[in-house]
Amino acid sequence: KEVLQNETIAKLNVFYHPDFVTPFSSRGPVSPFYIKPDLVAPGVFVNSTLTGGKYNLTSGTSFAAPHVSGAVALLLEKNPDLMPSEVASILSTTADLVSDSYGNIFPVEISGSGRVNLTKAFSADMIIVPHNLVFNLSLEKPFETKSLHLKSIQGIMSPLKVEFALEESGIKFEHSLENDLLNVKLSRTEEKLGDFEGALILHDDKTRYHVPILIHITKGAINTTEKDGMLSFSLDYPGAWQYAKISVTNMETGQTRITSITPEKNSSLVAYDAGENWIEAQITTQNGIDTAYGTIAVQHPSEKAGLEFLELLGIPLKHILIISV
């Protein structure tokens, strides 16, 4: 009523595009071992072409993807020798953070690194691989160190300023720079469990780079060792537990294999493929199920014996060999 009496004039702009994430946008998490989506792109009220030489305002993820494809094409036109992982790094680390209508930054499982910013990506000189990090800490494993490989497109590395952003307390950040390797160490300083988000901020002389960080802090820790292609598992847990189901997934092949351990019996699996493996332990306790995570890189896989298909069918290869003998 007061607005009408004051003859206040308002305008409604239906083409106003704030950096909000639309409800139909794809969301994570996909896996506890990596962050998806990598980034987001404009996908609402996109002025796109139609048949017959016409244009139309259209929305959908099918219109966000071409924005990224076009950005990739322009980056490759400028630097044809870039590898796919390097292109992904440039686009993700130079993206703009996206916030909701209250100014709260969206979590990485909704917006990833942020909205693609082609202007920043096109002028960026540094490649950061990987372009996000996942840390697995626990009450039994208080710290972990990860490394980022840095590369200058022009071949001259500018001086870097490194910062760490985390809203939660109880995490200590340390870093060291050795040539093209940035080592990042996170340590747990409080007995706090859960999943937490942070970010590594890198500045060179002209660009600000943003590397999302996901931190798992669990009660127990799964220990994995590798020798001659054999993966062995044990569990550190600060309480009583009865059983742990171990899932091992090769990052490159996507193949998942399963074994189990108990407090009285450890277990092992033969690694037939090189590369990083993701380890997930589902731990049965008196109070329910706990989870622990870990990773291990296999350098020297075992030679295949020809009976690996039995494991895919759920038949333990070790038992078959024992019976055969």
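Note that the coordinates shown come from a computational prediction; the quantities given were computed from them, not determined experimentally. (Residues numbered from 1 in each chain as written. Predicted model: local features only at pLDDT ≥ 70, side-chain atom pairs only at ≥ 80, totals over all residues. Heavy atoms only, no water.)

Peer 1: Just to check I follow, could you spell out the overall build of the protein for this structure?
Peer 2: Along the protein, the regular secondary structure elements total seven helices and 17 strands. For the protein, the spread of C-alpha atoms along the principal axes amounts to about 90 × 55 × 50 Å. Residue burial in the protein is summarised as follows: out of 325 residues, 38% are buried. Nonlocal contacts in the protein, meaning residues at least 24 apart in sequence, comprise 59% of its contacts between residues at least 6 apart. Roughly 18800 Å² of accessible area belongs to the protein as shown, and the carbon and sulfur atoms make up 53% of that amount. Charged side chains of the protein number 25 positive and 37 negative; the gap between the two group centres comes to 3 Å. (Helix = DSSP H or I, 4+ residues; strand = E, 2+ residues; numbered from the N terminus. Buried < 20%, exposed > 50% of the residue type's maximum accessible area, 1.4 Å probe, protein only. Contact = heavy atoms within 4.5 Å. Areas by Shrake-Rupley, 256 points an atom, 1.4 Å probe, with all protein chains shown as cover. Lys, Arg positive; Asp, Glu negative; His and termini not counted. Charge placed at Lys NZ, Arg CZ, Asp CG, Glu CD.)

Peer 1: Please clarify how the nonpolar core should be interpreted in this entry.
Peer 2: Counting 33 residues, the largest nonpolar core has Leu91, Ile128, Leu182, Leu200, Leu202 and Ile215 as the members making the most contacts within it. Secondary structure elements with two or more residues in this core: α2 (61–78), α3 (84–93), β3 (126–129), β4 (133–138), β5 (143–152), β8 (181–188), β9 (194–203) and β10 (208–218). With five residues, the single largest contributor to this core is β10. For Leu91, the residues in contact, after removing those within four places along its chain, are Leu39, Val68, Ala71, Val72, Leu75, Val116 and Ala121. If you look at the next biggest cluster of nonpolar residues, it comprises 18 residues, including Tyr237, Trp241, Ala244 and Leu269. (Core = buried A, V, L, I, M, F, W, Y, C linked by side-chain atoms within 4.5 Å.)

Peer 1: Explanation requested: the sheet that holds β3 in the structure shown.
Peer 2: Here we have four strands laid out as an open sheet, ordered β3-β5-β8-β7, and antiparallel in their pairing. Since the sheet does not close on itself, it has two edges, and those belong to β3 and β7 (171–178), each with one partner. Within this sheet the neighbouring strands show an average axis-to-axis angle of 25°, counted without direction. Strand direction decides the pairing type here: β5 and β8, joined by seven bridges, are antiparallel. Directly across from Lys146, in β8, lies its bridge partner Val184. (Pairing = 2+ DSSP bridges. Axes fitted to C-alpha atoms, helices over the stretch in contact; angles between N-to-C directions.)

Peer 1: Quick question: what am I supposed to make of the environment of Glu109 here?
Peer 2: If you trace the backbone, Glu109 turns up in helix α4 (residues 108–111). On the basis of relative accessible area, Glu109 is assigned to the partly exposed category, the value being 34%. Taking the C-alpha atoms as reference points, Glu109 and Ile35, 74 residues apart in sequence, are found 6.9 Å from one another.

Peer 1: In this structure, what is going on with the sheet that holds strand β14 (residues 256–261)? I would like to understand it.
Peer 2: Pairing between the strands of a sheet comes from backbone hydrogen bonds, and it takes one of two forms, parallel or antiparallel. In space, the four strands of this open sheet follow the order β14-β13-β16-β17, with antiparallel pairing throughout. Each of the sheet's edge strands pairs with one partner strand only, and the pair in question is β14 and β17 (288–298). Pairwise comparison of adjacent strand axes, ignoring direction, gives a mean angle of 20° for this sheet. Pairing analysis gives eight bridges linking strand β13 (residues 243–250) to strand β16 (residues 275–285), with the strands arranged antiparallel. Counted as the bridge partner of Ile246 is Ala281 from β16.

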